[in-house]
Amino acid sequence: MNKAELIGMYRQMVLIRKFEDQAGESYKLGKIGGFLHLYVGQEAVGVGFISALRPDDYVIGAYREHGQAIARGVSPRRVMAELYGKKTGVSSGKGGSMHMFDVERHFMGGHGIVGGGMPLAAGMGFAINYRDGDQVVVCFFGDGAVNEGAFHESLNIASLWGLPVIYVCENNLYGMGTAINRASAVPEVFRRAQCYDIDVESVDGMDLLAVRETADRAIRIARKEHRPRFVEATTYRFRGHSMADPGQYRTKEEIADYEKRDPIVKMRAYLIENGFFTDADVEAIDKEVDAEVADAVKFADESPEPSREDLFADVYA
Amino acid sequence: MPIMMYRQALNLAMREEMRRDPNVYVIGEEVAEYQGAYRVTEGLLQEFGEKRVVDTPISEEVIAGIGVGSAMVGLRPVVEMMTINFAILALDQIVNHGAKLRYMSGGQLSIPMVIRAPQGAGMQLGAQHSQNLESWFMHVPGLKVVAASNPYDAKGLLKSAIRDNNPVIFLEHEMLYTTKGEVPEDDYTVPLGVADVKREGRDVTIITYLRMVGPVMAAAEALAAEGIEVEVIDLRSLRPLDIETITDSVKKTHRAVVVEEDWPTCGAGAEIMARLQETAFDYFDAPIYRVSSEDVPMPYSKNLERSAIPDEAKIINAVKCTIGRECKLPIRRSTEDIMKLTD
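Attention here is on the structure that accompanies the text. (Residues numbered from 1 in each chain as written. Chains lettered and ligands numbered in written order. Predicted model: local features only at pLDDT ≥ 70, side-chain atom pairs only at ≥ 80, totals over all residues.)

**Overview of helix α2 (residues 43-50) of chain A**
In an α-helix, one turn spans 3.6 residues, which is why side chains three or four residues apart end up on the same side. Burial analysis of α2(A) places eight of its eight residues in the buried class, which makes it a mostly covered element. Turning to α2(A), its buried residues are A:Glu43, A:Ala44, A:Val45, A:Gly46, A:Val47, A:Gly48, A:Phe49 and A:Ile50. (Buried ≥ 20, exposed ≤ 12 C-beta atoms within 10 Å, placed from the backbone. Helix = DSSP H or I, 4+ residues; strand = E, 2+ residues; numbered from the N terminus.)

**Some details on the nonpolar core**
Buried together is how nonpolar side chains tend to be arranged in soluble globular proteins. Core analysis: the biggest nonpolar cluster contains 195 residues, and A:Cys139, A:Ile166, A:Val168 and B:Ile115 have the highest contact counts within it. Among the elements that take part in this core, helix α1 (residues 3-28) of chain A stands out by supplying nine residues, more than any other. Apart from the residues within four sequence positions on either side, A:Cys139 is in contact with A:Ile60, A:Gly117, A:Met118, A:Ala121, A:Val165, A:Ile166, A:Tyr167 and A:Val168. (Core = buried A, V, L, I, M, F, W, Y, C linked by C-beta atoms within 7 Å. Contact = placed C-beta atoms within 7 Å.)

**Focus on the interface of chain A and chain B**
The extent of an interface is frequently quoted as the accessible surface area lost upon association of the parts. Contacts between the two partners involve 32 residues from chain A, matched on the other side by 32 residues from chain B. Mapped onto the side of chain A that touches chain B, the elements with two or more residues apiece are α5 (117-130) and α6 (149-161) of chain A. In terms of residue count, the dominant contributor to the side of chain A that touches chain B is α5(A) (nine residues). The class makeup of the residues in the side of chain A that touches chain B is 19 nonpolar, ten polar and three charged. (Nonpolar A, V, L, I, M, F, W, Y, C, P; charged D, E, K, R; others polar.)

**Observations concerning the pairing of strand β10 (residues 204-208) of chain B**
All names here are of chain B. With five of its five residues buried, β10 lies for the most part within the structure. Neither face of β10 is open: one carries Val204, Ile206 and Thr208, the other Thr205 and Ile207, and all of them are buried. Handedness of the β-α-β unit built from β10, helix α8 (residues 213-225) and strand β11 (residues 230-234) comes out right-handed. Examined bridge by bridge, β10 and strand β13 (residues 256-259) share three bridges and lie parallel to one another. Bridge pairing links Ile206 to Val257 in β13. (Right-handed = clockwise from strand over helix to strand, strands pointing away. Pairing = 2+ DSSP bridges.)

**What about the sheet that holds β13(B)?**
Residues and elements named next belong to chain B. One open sheet accounts for five strands, arranged β9-β11-β10-β13-β14; its pairing is mixed. A single partner strand is all that each edge strand has here, and the edge strands are β9 (196-199) and β14 (289-291). If you compare each strand with its neighbour and ignore which way they point, the axes differ by 25° on average. For β10 and β11, the ladder comprises five bridges, and the chain directions are parallel. Paired with Val204 across the two strands is Val230, which belongs to β11. Along the sheet face, α8 touches β9, β10, β11 and β13 and points at about 170° away from the line of β11. Relative to the sheet, helix α9 (residues 243-253) contacts β9, β10, β11 and β13, its axis offset from that of β10 by approximately 155°. (Axes fitted to C-alpha atoms, helices over the stretch in contact; angles between N-to-C directions.)

**Here's the deal with the pairing of strand β5 (residues 114-119) of chain B**
Residues and elements named next belong to chain B. A large share of β5 lies buried, amounting to six of its six residues. The two faces of β5 match: Val114, Arg116 and Pro118 on one face and Ile115, Ala117 and Gln119 on the other face are all buried. Sheet topology places strand β4 (residues 76-80) next to β5; three bridges connect them, and they run parallel. When the bridges of β5 are listed, Glu80 appears paired with Arg116. With six bridges joining them, β5 and strand β7 (residues 168-173) adopt parallel strand pairing. Bridge assignment links Ala117 to a residue of β7, and that residue is Leu171.

Right under this line is the structure:
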């Protein structure tokens, strides 16, 4: 990867972090309704995978997907406007935090039912093979999804039929407030996929370059050989499950330990140590991103709400 | 005009649509090598190959998910659920995903998918294989629900459903598969949302669909011999509902009976009756009666199964009630009556 690509990936992580922090603030101000699941801490997984894709590949996420949408090139303005429930939002204000769609960019949603995106990803992979295409699908889900039937049905059929889907489990160790060892008889997620004869890989999801390397490999193999891959990216969310999370199930010490492994700090250190940029560049990026996020908020604030007529639009095609 | 079986008419609809559009494919349990659990997909594998006629593992959730996901990117799946009872395992993909993706995406996506499934009782298959679940799907905005009662409609409606850009639940009936009727060989379609007046009459309107059309027509014949002229409407589509046709009929007859094979509680008939009292309240000379299956899980025993579902005698009884002739109400036992048995 060249310097511009490395800095671009770093910048995306910073943008997602600042965007999500701002979304949290806007939520507290009552500007955002419903549930809000922030991606803070997990940025390296989304950026690492999505940066490795072609524009005609597909991305499908779960309900912690704002950051993935941004990584896929969806404008922060339209993501923020969606959170604000505005007509200019990426899903026209009909989806909200959990349902970001940008079909033009092949960002196939935000899905709110745990594990629900996994069969859909298989379906998109099926369509690729049906048309003799060479695209791939990257499907993100959390460790909470691995005990759903959809997980097992999807992995079985993806392996059986050689579907070009990369299933990426973002293992942040907690399904909502339940630690993985309290939910999974086999807490090593990758082992669950191995029994479907799928090649698995485990990667440090706090390390952007490690994720990217894994992503490049997984995508190359899935594309070339038309078979699924399974990646367990171990990561950590620095914020609660949602804004309503009382946070009683994790210790302050645990959170502090993971914060020391902040993927943005790690990548910044790498870039500086290797002479790709300087402290001044870091500041310049921060400033630029701050302005971009402020612009997104302004856009969302000033955008019109959907009309009563919009309520009835797009129930049917 | 050729005479063919209901299942052959469905088969022909799929063949014609698959020949017309390479994006149409058929997927489900035993649809290919086995030639279809009810032989509806017979011969499709031989004509179209394994890429377009796809056998699956027994994994209903992911079968529906393959349908929805492939429709998201432009294919036109025809998903066979071996019976509607198994679609319960796929409800998450159908209801939480297929029905909502267009709306949640602000109109960016469409899901041109058909889920075909037989439902209903009559073959002594017991409680888990005999259900009628139309109202479950009718309840969901974003879905269309279609029910074909005869071979002509089966072909025409299925072709319309395959060409429709929305998820369509296409209900068939196990007892109808071998029934015969005239089916044109040309490329006709039957539009969704349009009911069929099967028989005109001035005294009572019977609103029905799917397998109940048969016993209703027989009942109408018997009643005509007694001088009671029944108008019979086969809904063909349950969502959207052709409320105009049934309202017009009721304005003429001033009386209505709904005949359905599903359970009465929150069933399709309940919706039809609610709609009619909004559109035609002032025209009614009698309460609307409902003939449905009894509000019990389907039993196995032949005589109990027969007793649980509507038949000609029950339909005649209900019609007579609406016109003030001697009848044997109550037509069915309510849940509350049934619960008293355990007191």
